[in-house]
Amino acid sequence: MTAFKPLVFSGVQPTGNLHLGNYLGAIRRWVALQADHPCLFCVVDLHAITVWQEPADLERQIREVTAAFLASGIDAKKHILFNQSRVPEHAELAWIFNCIARLGWMNRMTQFKDKAGKDRENASLGLLAYPSLMAADILAYRATLVPVGEDQKQHLELTRDIAAKFNHDFADRIHDKGLGVPMTSIGDRESDDDTAQGYFPLTEPLIEGPATRIMSLKDGSKKMSKSDPSDLSRINLTDDADTISKKIRKAKTDPASLPSEPKGLAGRPEADNLVGIYAALADRTKAEILTEFGGRPFSEFKPVLADLAVEKLSPIADEMRRILADPAEIDRTLRDGAERARAIASQTLSDVKSIVGLLNN
Ligand code: AMP
Ligand code: TRP
């Protein structure tokens, strides 16, 4: 049996304006990965409806996120770009995973606790099962590499747990059907057993770079988020140049000037965040930025940061507007991507059904 091939999968929810955190923490890194690996990028609309979405807004946002991907440089011809609900195998595999994953695993998820809030009894069942659908997204393609921001680490660990339990519970069937793949081929860190085989790989999270956690412009202890009620807390990919400059000018800082080394950023979350944003946009390290700006006040640093942000982001916003002017073309792109995604996912589902004993011939 041949080894698992490196394959990239990632997703973004169409639940509101994409912001600088999504761009630096996710999309921009995906664009870079395209050069080395086959990639699947998914607009996860089924995840979006785990909390209420106004149907007309949802439709618009699915197209907007797709346009943002395309405008940022995702190549939908060479790779696969699609919306999740168009490939029914995701939901089908998620159901099987719901029967593998344990309730206790889901109850421990911090994102569920945060999103469900105090009124847990009133959260949707889908919100609790969310990580199981995410595991299905990834494992329907047996993807091995998943670039995400820091906040998704726990969900990816759960994806590994589901894959490992499936491989373990059905080990004999996987073997008997000849569907096993050597686990060493994906560098299974926990196992020193060269002969161990499994059907699903143990997915590796790719969480790296200076921008895995971009913070709110108004509060350095909160991550920049689509759901923050204050629009001043984030830079949206659709913001025009004036809006970007204004938001950076109004960003919270402390009264001290910039330190000359990264260790001087300790205990200064807002300063750390702005320096991190500059470093990520400029493709340089924080240390390099501080060598240049150390000792200067924020009143000097902010305008330079604003210019850089406008220079990097406004071409994307312009391109997004151009793409959004032709929604039919966006829909064609998504349909084409879904067709190609399905060709892979349906094979996985057919293997999984035969492993589990769901008659499927
Ligand atoms: P979401 O907005 O939750 O659908 O997230 C889409 C992607 O963007 C995921 O990979 C997240 O980890 C990443 N992401 C979201 N917010 C941030 C942030 N503030 N900083 C860095 N990455 C982020
Ligand atoms: N849960 C992820 C987020 O909110 C989005 C997501 C869904 C995803 N399925 C995925 C990310 C599969 C990576 C792989 O950011």
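Here the structure is shown first, and the text comes after it.
Remember, predicted model here, so these are calculated numbers, not experimental data.

Participant: Outline the overall build of the protein, supporting the account with residue identities and numerical values.
Facilitator: Within the protein, the regular secondary structure consists of 14 helices and 7 strands. A globule of 361 residues ought to have a C-alpha radius of gyration of about 21 Å, and the protein, at 22 Å, matches this closely. The C-alpha extent of the protein, read off along each of the three principal axes, is 70 × 50 × 45 Å. Expressed as a percentage of its 361 residues, the buried residues of the protein come to 50%. Put simply, of all contacts in the protein between residues at least 6 apart along the chain, 75% involve residues at least 24 apart. For the protein, the centre of its 46 positive side-chain charges and the centre of its 51 negative side-chain charges are spaced 3 Å apart.

Participant: With reference to specific residues and values, describe the site of ligand 1.
Facilitator: In the neighbourhood of ligand 1, 18 residues make up the surrounding shell, with Asn22, Gly149, Asp151, Ile214 and Lys226 lying closest. With respect to ligand 1, the backbone of methionine 224 contributes an N or O atom lying 3.0 Å from a nitrogen atom. Surface burial for ligand 1 is 92%, taken as the share of its 490 Å² of free accessible area covered by protein chains. Sorting elements by how many residues they give to the shell around ligand 1 places helix α1 (residues 20-33) first, with 4 residues. The class makeup of the residues in the shell around ligand 1 is 6 nonpolar, 8 polar and 4 charged.

Participant: Before we move on, can you summarise helix α7 (residues 125-139) with the specific residues and values?
Facilitator: Here α7 is 15 residues long and its end C-alpha atoms lie 21 Å apart, about the 21 Å a rise of 1.5 Å per residue gives. At proline 131, α7 shows its strongest bend, of approximately 45 degrees. In terms of burial, α7 is a largely internal element, 12 of the 15 residues being buried. When we look at burial in α7, the residues that qualify are Leu127, Leu128, Tyr130, Pro131, Ser132, Leu133, Met134, Ala135, Ala136, Asp137, Ile138 and Leu139.

Participant: Lay out a positive patch on the surface with the relevant residues and their values.
Facilitator: A surface patch of positive charge is lined by Lys218, Lys246, Arg249 and Lys250. Position of lysine 250 relative to the elements: it lies in the loop between α10 (241-249) and α11 (269-282).

Participant: Before we move on, could you go through the packing of aromatic side chains and cite the residues and values that matter?
Facilitator: Two measures describe an aromatic ring pair: the distance that separates the ring centres and the angle between the ring planes. A complete count under the given rule lists 12 aromatic pairs for this structure. Ring centres 6.2 Å apart and planes at 65 degrees place the aromatic pair phenylalanine 82 and tyrosine 141 in the edge-to-face group. You can see phenylalanine 82 sitting in strand β3 (residues 80-83) and its partner tyrosine 141 sitting in the loop between α7 and β4 (145-147), a full 59 residues away along the chain. A residue is classified by how much of its surface remains accessible, and phenylalanine 82, at 0% relative accessible area, is buried. In this structure tyrosine 141 comes out as buried when scored by relative accessible area, which is 4%. Taking the centre distance of 5.6 Å and the plane angle of 75 degrees together, the rings of phenylalanine 97 and phenylalanine 200 count as edge-to-face. You can see phenylalanine 97 sitting in helix α4 (residues 89-98) and its partner phenylalanine 200 sitting in the loop between β6 (197-198) and β7 (204-206), a full 103 residues away along the chain. Looking at phenylalanine 97, the relative accessible area reads 0%, which means it is buried.

Participant: Tell me what's going on with the packing of helix α3 (residues 55-72) against helix α14 (residues 327-356), and back it up with residues and numbers.
Facilitator: Relative orientation of the contacting elements α3 and α14 amounts to 80 degrees, with a least axis distance of 10 Å. It follows from the interaxial angle that α3 and α14 lie roughly perpendicular. On the side of α3, the interface is formed by Ile62, Arg63, Thr66 and Ala67, while α14 contributes Pro327, Ile330, Asp331 and Leu334. For the contact of α3 with α14, a count of residues per class yields 5 nonpolar, 1 polar and 2 charged.

Participant: Lay out the site of ligand 2 in plain terms, naming residues and giving numbers.
Facilitator: As a structural note, the neighbourhood of ligand 2 is formed by 13 residues, with Gln13, Tyr130, Met134, Asp137 and Gln152 the closest of them. Between ligand 2 and glutamine 13, the relevant distance is 3.2 Å, taken from an oxygen atom to a side-chain nitrogen or oxygen of the residue. Summarising the interface, the protein chains cover 91% of the accessible area of ligand 2, which totals 370 Å² for the free molecule. Listed by contribution, the elements that provide at least two residues to the shell around ligand 2 are β1 (8-12) and α7. Broken down by element, the residue count for the shell around ligand 2 peaks at 4 residues, all from α7. Its residues placed into classes, the shell around ligand 2 shows 7 nonpolar, 5 polar and 1 charged.

Participant: Would you mind going over the side chain of histidine 79 in detail, with residue names and values included?
Facilitator: Secondary-structure assignment places histidine 79 in the loop between α3 and β3. Here glutamine 34 takes part through its backbone oxygen, which lies 3.2 Å from a polar atom of the side chain of histidine 79. Discounting chain neighbours no more than four positions away, the residues touching histidine 79 are Gln34, His37, Pro38, Cys39 and Arg340.

Participant: Just give me the short version of the environment of proline 262, but keep the residues and values in it.
Facilitator: Turning to its location among the elements, proline 262 is positioned in the loop between α10 and α11. Those residues in contact with proline 262 that sit more than four places away from it in its chain are Lys286, Ala287 and Leu290.

Participant: So, the pairing of β1: which residues are in play, and what are the values?
Facilitator: The element β1 is extensively covered by neighbouring structure, given that 4 of its 5 residues are classed as buried. Note that β1 and strand β2 (residues 39-43) share 5 bridges and pair parallel. Looking across to β2, one finds that glycine 11 is bridged to cysteine 42. Tracing the backbone out of β1, into α1 and back to the parallel element β2 gives a crossover that is right-handed.

Each value, and the rule that gives it
Residues numbered from 1 in each chain as written. Chains lettered and ligands numbered in written order. Predicted model: local features only at pLDDT ≥ 70, side-chain atom pairs only at ≥ 80, totals over all residues. Heavy atoms only, no water. Helix = DSSP H or I, 4+ residues; strand = E, 2+ residues; numbered from the N terminus. Rg over C-alpha atoms; globule rule 2.2 N^0.38 Å. Buried < 20%, exposed > 50% of the residue type's maximum accessible area, 1.4 Å probe, protein only. Contact = heavy atoms within 4.5 Å. Lys, Arg positive; Asp, Glu negative; His and termini not counted. Charge placed at Lys NZ, Arg CZ, Asp CG, Glu CD. Near = heavy atom within 4 Å. Polar contact = N/O pair within 3.5 Å; in protein donor to acceptor, adjacent residues only side chain to side chain. Areas by Shrake-Rupley, 256 points an atom, 1.4 Å probe, with all protein chains shown as cover. Nonpolar A, V, L, I, M, F, W, Y, C, P; charged D, E, K, R; others polar. Expected span 1.5 Å × (residues − 1). Bend = angle between axes of the 7 residues up to and from the residue. Patch = residues over 30% accessible without salt bridge, like charges linked within 9 Å, V, L, I, M, F, W, Y side chains within 5 Å. Salt bridge = Lys/Arg side-chain N within 4 Å of Asp/Glu carboxyl O. Phe/Tyr/Trp six-rings, centres within 6.5 Å; stacked < 30°, edge-to-face > 60°. Axes fitted to C-alpha atoms, helices over the stretch in contact; angles between N-to-C directions. Parallel < 35°, antiparallel > 145°, perpendicular 65-115°, else oblique. Pairing = 2+ DSSP bridges. Right-handed = clockwise from strand over helix to strand, strands pointing away.

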